[in-house]
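# Remarks on the overall topology
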Amino acid sequence: MNVAVAKVESDSTTFNIEAIRREFPILNEASEKNSVHFLDSGASAQKPDYVLKKMDEMYRTGYANVHRGAYTLSQLATDAYEGARKTVATFLNAESVDEIIFTRSATGAINLVAGSFGRAFLEKGDEIIISEMEHHANIVPWQLLGEATGSKLKVVPVDQDGNISIDTFQSMLTNKTKLVAVTHMSNVLGTIVPVRQIVELAHANGTAVMIDGAQGVVHSKVDVQELGADFYVFTGHKLYGPSGVGVLYGKKELLNKMPPYEGGGDMIEIVTFEKSTYRDAPTKFEAGTPPIVESVGLAAAIEYIENIGQDNIEIHEDNLLKFATSELQKIPGLSIFGLSERKAGIISFNVEGIHSHDLSTILDSRGVSIRAGHHCAQPLMKKMGVEATARASLGLYNNKEDIVALAEGIKFAKEILT
Ligand SMILES: *Cc1c(COP(=O)(O)O)cnc(C)c1O
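Note that the structure is a prediction, hence the values are computed from the model and not measured.

Here is what the cut-offs are and how they apply
Residues numbered from 1 in each chain as written. Predicted model: local features only at pLDDT ≥ 70, side-chain atom pairs only at ≥ 80, totals over all residues. Heavy atoms only, no water. Helix = DSSP H or I, 4+ residues; strand = E, 2+ residues; numbered from the N terminus. Buried < 20%, exposed > 50% of the residue type's maximum accessible area, 1.4 Å probe, protein only. Contact = heavy atoms within 4.5 Å. Core = buried A, V, L, I, M, F, W, Y, C linked by side-chain atoms within 4.5 Å. Pairing = 2+ DSSP bridges. Axes fitted to C-alpha atoms, helices over the stretch in contact; angles between N-to-C directions. Phe/Tyr/Trp six-rings, centres within 6.5 Å; stacked < 30°, edge-to-face > 60°. Lys NZ or Arg CZ within 6 Å of the ring centre and 35° of its normal. Parallel < 35°, antiparallel > 145°, perpendicular 65-115°, else oblique. Left-handed = near helix turned anticlockwise from the far one by under 90°. pLDDT = per-residue confidence, 0-100. Near = heavy atom within 4 Å. Polar contact = N/O pair within 3.5 Å; in protein donor to acceptor, adjacent residues only side chain to side chain. Areas by Shrake-Rupley, 256 points an atom, 1.4 Å probe, with all protein chains shown as cover. Domains from an automatic or database assignment. Salt bridge = Lys/Arg side-chain N within 4 Å of Asp/Glu carboxyl O.

Looking only at helices and strands, the chain has 16 helices and 15 strands in total. By principal-axis analysis of the C-alpha atoms, the chain measures approximately 70 × 55 × 35 Å. Counting only residues that meet the buried cut, the chain has 57% of its 418 residues in that class. Of the contacts made within the chain by residues no fewer than 6 positions apart, 72% connect residues no fewer than 24 positions apart.

L92 and F234 are the most contacted members of the largest nonpolar core, which has 72 residues in total. Those residues in contact with L92 that lie beyond four places of it in its chain are I100, V217, V222, D223, V224, F234 and Y249. Counting residues in hydrophobic clusters, the runner-up holds 28 residues, among them L122, A214, V233 and L254.

For the rest of this paragraph, the subject is the sheet that holds strand β5 (residues 177-183). Spatially, seven strands are ordered β2-β8-β7-β6-β5-β3-β4 in an open sheet, and the strand pairing comes out mixed. Edge strands, defined here as strands with exactly one partner in the open sheet, are β2 (100-103) and β4 (152-156). The sheet shows a mean angle of 20° between the axes of neighbouring strands, taken without regard to direction. Looking at chain direction, strand β3 (residues 127-131) and β5 are connected through three bridges and run parallel. Bridge pairing in β5 links E127 to T177.

Once that is clear, we can look at the packing of aromatic side chains. Evaluated as defined, the whole model comprises nine aromatic pairs. Judged by centre distance (6.2 Å) and plane angle (70°), the rings of F24 and Y240 are edge-to-face. Placement of F24 in the loop between α1 (17-22) and α2 (25-33) and of Y240 in the loop between β7 (231-235) and β8 (246-250) is noted, with a sequence separation of 216 residues between them. Taken as a pair, F24 and Y240 share a single burial class, namely buried. Between Y59 and Y63, the ring centres sit 5.3 Å apart and the planes meet at 40°, which makes this aromatic pair tilted. The rings of F24, Y240, Y304 and Y397 are connected pair by pair, giving a single aromatic cluster. One Lys or Arg, R366, reaches over the ring of F412 and ends 4.5 Å from the middle of that ring. Its end group placed over the ring of F323, K400 keeps NZ or CZ at 4.8 Å from the ring centre.

Put simply, helix α13 (residues 310-329) and helix α16 (residues 400-417) touch, their axes get as near as 10 Å, and they point 15° apart. Comparing their axes, α16 and α13 come out roughly parallel. The handedness of the crossing between α13 and α16 comes out as right-handed. Counting all contacts with α13, which are made through L320, F323, A324, E327 and L328, the residues of α16 involved are K400, I403, V404, L406, A407 and I410.

Moving on to the confidence of the model for the chain. Close inspection of predicted coordinates is inappropriate for parts of the model with low pLDDT. For the chain, the average pLDDT comes to 94, and 95% of its residues sit at 70 or higher. Note on residues 1-12: pLDDT under 50 across the span, and 29 contacts to partners over four residues away in sequence or across chains.

The next subject is the site of the ligand. The full set close to the ligand counts 13 residues, and T107, D212, Q215, T235 and K238 are the nearest of them. Backbone polar atom of A106 to an oxygen atom of the ligand: 3.3 Å apart, as the coordinates give it. In the environment of the ligand, a nitrogen atom lies 2.6 Å from a nitrogen or oxygen atom belonging to the side chain of D212. The fraction of the free accessible surface of the ligand (380 Å²) that becomes covered by protein chains is 90%.

Moving on to the domain arrangement of the chain. Split by domain assignment, the chain resolves into domain 1 (7-48 + 308-417) and domain 2 (53-306). For domain 1 versus domain 2, the separation of C-alpha centres amounts to 28 Å. Facing the 42 residues of domain 1 at the interface are 34 residues of domain 2. Viewed at the interface, domain 2 and domain 1 are joined by one salt bridge.

Cis peptide bonds are those with omega within 30 degrees of zero, and the linkage from A281 to P282 qualifies with 5°. Unusually for a residue other than glycine, N93 sits at a positive phi of about 55°.

Locating H355 in the fold gives a position in the loop between β12 (346-351) and α14 (356-365). Separated by 148 residues in the primary sequence, H355 and T207 have C-alpha atoms spaced 42 Å apart. Only 3.0 Å separates the side chain of H355 from the backbone nitrogen of H357, close enough to count as a polar contact.

The next point concerns the pattern of salt bridges. Within this structure, the stated rule accounts for 15 salt bridges. Residue R60 pairs with D56 through a salt bridge whose shortest N-O separation is 2.6 Å. Here the residue R60 and the residue D56 both occupy positions in helix α3 (residues 49-61), the gap between them amounting to four residues, near one helical turn. Taking relative accessible area as the criterion, R60 reaches 66% and is therefore assigned exposed. By relative accessible area, D56 is classed as partly exposed at 36%. Across the pair K411 and E408 runs a salt bridge, and its minimum N-O distance is 3.5 Å. Of this pair, K411 and E408 both sit in helix α16, three residues apart, which is roughly one turn of that helix. Residue K411 is classed as partly exposed on the basis of its relative accessible area of 34%. You can call E408 partly exposed: its relative accessible area is 38%. Look at the salt bridges and you will find they share partners, linking E82, R85 and E286 into a network.

And the structure:
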């Protein structure tokens with residue numbers, strides 16, 4: 001995780017970047033017409049052949065609805081879907097497969113926690129602590145919950161470097177604090193938040209913790225038992241899997257105490273017009289037809305990255321982050337937002353005199369894809385005193401040429417715009 005790890009990937013036998021790049025069709029097909037330097041994996045990552053083939057194969061040979069039919073195809077599909085749950089459980093080191101709920105996205109998973117846990121257990125005057133660098137997906141559901149229950153939001157500030165103060169966090173915990181909901185890794189600043197410490201302090205206060213792992217799980221190995229968080233949330237499409245699937249991990253005893261979130265098929269035991277009874281987790285929280293092939297695609301993505309090795313990916317990305325940071329810092333008038341000692345492959349920056357949208361357009365004309373805007377974190381933008389930033393985010397397939405193209409593109413933009 002730390003940027004200060006050395007060893008460059010190009011001569012490593014375990015991490016062959018050129019071979020990896022060949023496994024992502026979009027990088028190759030596009031490169032014949034136009035070089036593609038894809039630096040927006042923080043918004044959504046590209047997918048390897050391995051994932052695409054698994055999904056295609058299921059649609060062609062093993063597709064039906066799950067948990068429904070007694071016929072062979074439905075059983076095959078159910079086995080694949082439940083197998084995906086098992087893969088996710090092992091990936092997170094959950095104690096039980098019943099602790100893994102498939103949702104439509106990270107957003108869907110956070111809304112599930114707010115709609116079920118939040119509405120059942122929070123009352124007027126109760127408090128939820130979040131940080132100043134949350135994605136809108138980890139702000140707005142708590143505001144909606146507050147409107148429904150009268151609970152309040154408290155926000156831990158972020159300092160100049162993009163860190164939150166643990167002491168400040170601790171001082172904000174009260175006997176009214178029912179939930180801490182913080183990001184594992186900032187999607188704007190790249191900061192890795194000390195979530196383990198946060199969980200310990202919150203639990204000592206009798207407070208439950210939800211970690212938004214939409215970015216964190218992509219850049220580091222997560223062990224939910226070691227972390228101890230009550231909920232951990234992530235999304236398929238940022239982890240080289242498909243969109244349309246997310247994951248909520250929840251501790252089993254907690255999930256079984258929580259009421260259903262949505263009602264519908266599959267989540268019930270017996271339905272009458274007077275009253276219905278519900279099944280246990282995870283089924284209780286999966287009303288209706290779930291993201292069947294998407295879950296299988298996500299499991300394939302997990303197999304893919306585990307095959308490369310999460311440690312190898314982390315080292316590669318840390319090296320690239322270091323290289324990119326130093327290349328960008330050489331450009332006069334460029335300032336980087338977020339220089340925490342603990343950060344992973346995301347760099348937000350602005351160039352004096354150039355709006356990030358213009359920069360992004362010019363970079364695009366040179367085959368470099370970056371994000372420009374508020375990155376679904378308007379409160380953080382306000383804190384940093386900017387409306388928008390440019391953001392380059394790294395994936396496991398990025399290489400030094402991508403970074404050089406970015407730096408050259410920025411210099412070109414400066415020449416023609418300032
Ligand atoms: C992308 C992101 C989300 C939302 O993920 P969706 O898949 O869009 O629901 C939440 N939190 C963080 C930190 C993110 O980067």
